[in-house]
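# Secondary and tertiary structure notes
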Amino acid sequence: MPVIIRTLRQAVCQVLQGTACHCRKATLLSRFPGSSPWPMPGDANFHSASFSETDQPRILITGGLGQLGVGLANTLRKRFGKDNVFLSDIRKPSDHIFHSGPFIYSDILDYKNLRETVVNHRITWLFHYSALLSAVGEANVSLAKAVNITGLHNILDVATEHNLRLFVPSTIGAFGPTSPRNPTPDLCTQRPRTIYGVSKVHAELMGEYYYYRYGLDFRCLRYPGIISADSQPGGGTTDYAVQIFHDAVKHSKFECNLKPSTRLPMMYIDDCLRATLEVMEAPAESLSMRTYNVNAMSFSPEELAQEILKHVPEFQITYNVDSIRQAIADSWPMNFDDSNARKDWGWKHDFDLPELVTTMLNFHGFDTRVAQAN
């Protein structure tokens, strides 16, 4: 019997050592804890080796139909070419999105489907945007754990196996009530009290672990509240700052679910997308950390309303505080310290509050020049 077992073991080893089965071997090992199929290089500061510096990256965006995915795809397609950027989701896209560039079905909870997508489309960069946001996550914790944590594990394993450059966004929600709030530095106590925040701290630490253990080129930005004109609110605590512009133009009034003085860091989407591209293109040797804060402005609902009043004199804001969202906001930073991003890779925002309000109102069809003249 021992002879038979030894013979079978030798046969299996010969198969696994074959070049045709190299990827399968890595995948098998990667799914079990304690194994290290990707040896750590002597120097962890590197560019992804899956394409040369003169080649254009082949890019996959997961969760592409969320608030940021479509805008990011447009930005990347202008930079790298339409056919090199693949938008993906598990939902059906609109005709406009479908015809604007490559769109594919990709489920991050289906490991086999994810691997096939990366291999078949020769992906070299991956932007992982699939996630349940703060308020939505609290309403469905089990789904948030599956998408935000199990899905992340699949992404990390596939990215490591195929030597991808990986971007995973984090959030102001990665901090908690014991974190310094004004300002909040890159490195400090992080004890969030939402499943969304907990999953993002997990993503930051796992990405850094994979960087040091396996050499994965992991890059991460902690986004403030992102304000975009061409997408609907997605269930986040800062989404009042998006909805307020829809209501200001349509109804000249808005009911806010946060207290008037609730100050949070914010950023216009154009700055957000540019920061994301800049950190992905930054030379590896310029990055002193894997996860950076980025910021543009910080304001409260009453300050935002006062700026809107300069353009819409009849605008009125009322307050009907949602206790759950308010508790979340009260545990988050009031202002981000992003000095490391500005020092390491030259981050600089373009939009402050006045530019943000003018841009958002103009997008929604409100002529701010006429309002100012009146």
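Residues numbered from 1 in each chain as written. Predicted model: local features only at pLDDT ≥ 70, side-chain atom pairs only at ≥ 80, totals over all residues. Heavy atoms only, no water.

Residues of strand β4 (residues 125-128) alternate between two faces, with W125 and F127 on one and L126 and H128 on the opposite face, all of them buried. As paired elements, strand β1 (residues 59-62) and β4 share four bridges and run parallel to each other. Residue pairing in the sheet places T62 in a bridge with H128 of β4. Sheet topology places β4 next to strand β5 (residues 165-167); three bridges connect them, and they run parallel. Its bridge partner being in β5, W125 is matched across the sheet by R165. (Buried < 20%, exposed > 50% of the residue type's maximum accessible area, 1.4 Å probe, protein only. Helix = DSSP H or I, 4+ residues; strand = E, 2+ residues; numbered from the N terminus. Pairing = 2+ DSSP bridges.)

Among the nonpolar cores identified, the biggest contains 70 residues, and I61, F127, F299, L304 and W345 are the most heavily contacted of them. At seven residues, the largest contribution of residues to this core is made by helix α10 (residues 269-281). Once residues within four sequence positions are removed from consideration, F299 is found in contact with I227, Y240, A241, T262, R263, L264, M266, L304, L353 and L356. Residues F86, L126, L152 and A203 belong to the second largest nonpolar core, which totals 27 residues. (Core = buried A, V, L, I, M, F, W, Y, C linked by side-chain atoms within 4.5 Å. Contact = heavy atoms within 4.5 Å.)

Before going further, it helps to examine the packing of helix α5 (residues 111-120) against helix α7 (residues 141-161). Each pair of packed helices can be summarised by the angle the axes make with each other and by the distance between the axes. Packing of α5 against α7 brings their axes to within 10 Å, and their N-to-C directions diverge by 35°. With respect to the hand of their crossing, α5 and α7 are arranged in right-handed fashion. Only N154, I155, D157, V158 and E161 of α7 make contact with α5, whose side of the interface consists of Y111, L114, R115 and V118. Grouping the amino acids of the contact of α5 with α7 by side-chain chemistry returns five nonpolar, one polar and three charged. (Axes fitted to C-alpha atoms, helices over the stretch in contact; angles between N-to-C directions. Left-handed = near helix turned anticlockwise from the far one by under 90°. Nonpolar A, V, L, I, M, F, W, Y, C, P; charged D, E, K, R; others polar.)

The next subject is unusual backbone geometry. In this model, N182 is joined to P183 through a cis peptide bond whose omega is 0°. Structurally, the position occupied by P183 is in the loop between β6 (170-171) and α8 (195-214). One non-glycine residue, S252, lies in positive phi territory at about 60°. Secondary-structure assignment places S252 in the loop between α9 (240-250) and β9 (253-256). What makes S252 buried here is its relative accessible area of 18%.

With that out of the way, let us pick up the sheet that holds strand β10 (residues 264-268). Here we have three strands laid out as an open sheet, ordered β8-β10-β12, and mixed in their pairing. The outermost strands of the open sheet, each flanked by one partner alone, are β8 (225-227) and β12 (297-299). The mean angle between the axes of side-by-side strands here comes to 45°, regardless of whether they run parallel or antiparallel. Relative to β12, β10 runs antiparallel, the two sharing three bridges. By the bridge assignment for β12, M266 is matched with M297. Strands in contact with α9 are β8, β10 and β12; relative to β8, the strand with the most contacts, it is inclined by about 25°. Its contacts with the sheet place helix α14 (residues 353-363) against β8, β10 and β12, and it is angled at close to 80° to β12.

Turning to the confidence of the model for the chain, a few remarks are in order. Mean pLDDT over the chain: 86, with 82% of residues reaching 70 or higher. Taken as a whole, residues 1-9 scores under 50 in pLDDT and shows zero contacts with residues more than four places along the chain or in a different chain. For residues 11-53, every residue scores under 50 in pLDDT, and the model assigns this stretch 67 contacts once sequence neighbours within four places are set aside. (pLDDT = per-residue confidence, 0-100.)

With that settled, the discussion passes to the side chain of N84. Tracing the backbone through its elements, the reader meets N84 in the loop between α3 (69-80) and β2 (85-89). Polar contacts involving the side chain of N84 include one to the side chain of R58, which spans 3.3 Å. In this structure the side chain of N84 is engaged in a polar contact, spanning 2.8 Å, whose partner is the backbone oxygen of F80. Contact partners of N84, with chain neighbours within four places excluded, come to Q56, P57, R58 and I59. (Polar contact = N/O pair within 3.5 Å; in protein donor to acceptor, adjacent residues only side chain to side chain.)

What follows is about the layout of surface pockets. Of the volumes computed, that of the largest pocket is approximately 990 Å³. Along the wall of the largest pocket there are 43 residues; nearest its centre are G66, Y129, A131, L132 and L133. Those elements that provide at least two residues to the lining of the largest pocket are β2, α6 (134-139), α7, β6, α8 and β8. For the lining of the largest pocket, a count of residues per class yields 20 nonpolar, 18 polar and five charged. (1 Å grid on protein atoms, 1.4 Å probe; cavity = no way out; pocket = protein on both sides within 12 Å on 5 of 7 lines; lining within 4 Å. Points joined across faces, edges and corners; volume = space filled by probe spheres on them.)

Within α14, burial applies to L353, L356, V357, M360 and L361. Down the axis of α14, the buried side of the element spans an arc of 115°, and every buried residue falls inside it. G365 occupies a position one or two residues after α14 and carries a positive phi of about 90°. (Arc of directions from axis to C-beta.)

Attention now moves to the pairing of β1. Judged by which residues are buried, β1 turns out to be covered on both faces: I59 and I61 on one side and L60 and T62 on the other are all buried. Read as a crossover between parallel neighbours, the route from β1 over α3 to β2 is right-handed. (Right-handed = clockwise from strand over helix to strand, strands pointing away.)

With that settled, consider the packing of aromatic side chains. Enumeration according to the criterion identifies 13 aromatic pairs in this entry. Arranged with centres 6.1 Å apart and planes meeting at 75°, the rings of Y209 and Y210 form a pair that is edge-to-face. Judged by relative accessible area, Y209 falls into the partly exposed class, the value being 37%. With a relative accessible area of 9%, Y210 lands in the buried category. Among the aromatic residues, those joined into a cluster by ring pairs are F80, W125, F127, Y129, F167 and Y223. Sitting over the ring of Y211, R290 keeps its end group 4.0 Å from the ring centre. (Phe/Tyr/Trp six-rings, centres within 6.5 Å; stacked < 30°, edge-to-face > 60°. Lys NZ or Arg CZ within 6 Å of the ring centre and 35° of its normal.)

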